[in-house]
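# Observations on the model geometry
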Amino acid sequence: MKMDAQTMLYVLVGIVGGVCVAVEGSLNSLLGHHVGVLKAVIAPFAVGLLTILVAVAVVSGFSDSSPGGGWFSAPWYSYLGGVAAAVFVGSVIYVAPKMGVAAAFSAILVGQFAASLVLDATGWFAVSKIPITGLRLTGLLFVIVGMNLFFSKSGA
């Protein structure tokens, strides 16, 4: 597959995001060890909120002149992404110390890719419809095989 500059930028931003997720998982697990899982879930959201508030203020201010119509034009269920984020962060804080960050994220990736295939195929939540194909299922199978490799702690 040939990548143009725009696609390469998207890939690089995705990789940086993935690195941040792994670092976040380690840091949140460390915090969870000290304060407990549920209390540790608060920190990334509180610090993240402050970070995003500063970024929004610097980049665009707080006016509601967004192209999509603003906060009240979004369907109510679109805000449930925050619930999903809390469950995700809590699962990392709970699981990573018990099985390692790599194994925890490999399991998370299996769930993420499986759910993503369904979301793509159905077009739920305004994503483009992309059918489930044999190649995409093979990709999921490889991710599952890879997950099992991360569960090995022996190094062999």
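Residues numbered from 1 in each chain as written. Predicted model: local features only at pLDDT ≥ 70, side-chain atom pairs only at ≥ 80, totals over all residues. Heavy atoms only, no water.

## Some words on the nonpolar core
Ranked by size, the top nonpolar core spans five residues in total: Val92, Ala96, Ala104, Phe105 and Ile108. Contributing elements (two or more residues each) for this core: helix 3 (81-99) and helix 4 (101-122). No other element matches helix 4, which puts three residues into this core. (Core = buried A, V, L, I, M, F, W, Y, C linked by side-chain atoms within 4.5 Å. Buried < 20%, exposed > 50% of the residue type's maximum accessible area, 1.4 Å probe, protein only. Helix = DSSP H or I, 4+ residues; strand = E, 2+ residues; numbered from the N terminus.)

## What to know about helix 2 (residues 37-59)
A rise of 1.5 Å per residue sets the reference length of helix 2, with its 23 residues, at 33 Å; its end C-alpha atoms lie 33 Å apart and thus fit the reference within 8%. Buried within helix 2 are the following residues: Ala40, Val41 and Pro44. Residue glycine 61 follows helix 2 closely and has a positive phi angle near 70 degrees. (Expected span 1.5 Å × (residues − 1).)

## Side note on the confidence of the model for the protein chain
Averaged over the protein chain, the pLDDT score is 87; the fraction of residues at 70 or greater is 92%. Per-element confidence in the protein chain is highest for helix 5 (residues 134-150), whose mean pLDDT is 93, and lowest for helix 1 (residues 5-35), whose mean pLDDT is 89. (pLDDT = per-residue confidence, 0-100.)

## Considering the packing of aromatic side chains
If you walk through the whole model with that rule in mind, you get three aromatic pairs. Pairing tyrosine 77 with phenylalanine 125 gives two aromatic rings, centres 6.1 Å apart and planes at 45 degrees, and the pair type is tilted. Residue tyrosine 77 is located in the loop between helix 2 and helix 3, and its partner phenylalanine 125 is located in the loop between helix 4 and helix 5; the two are separated by 48 residues in the primary sequence. Among the residues examined, tyrosine 77 registers a relative accessible area of 39% and is labelled partly exposed. Linked through ring pairs, Trp76, Tyr77 and Phe125 together constitute an aromatic cluster. Sitting over the face of the ring of tyrosine 94, lysine 98 holds its NZ or CZ atom 4.0 Å from the ring centroid. (Phe/Tyr/Trp six-rings, centres within 6.5 Å; stacked < 30°, edge-to-face > 60°. Lys NZ or Arg CZ within 6 Å of the ring centre and 35° of its normal.)

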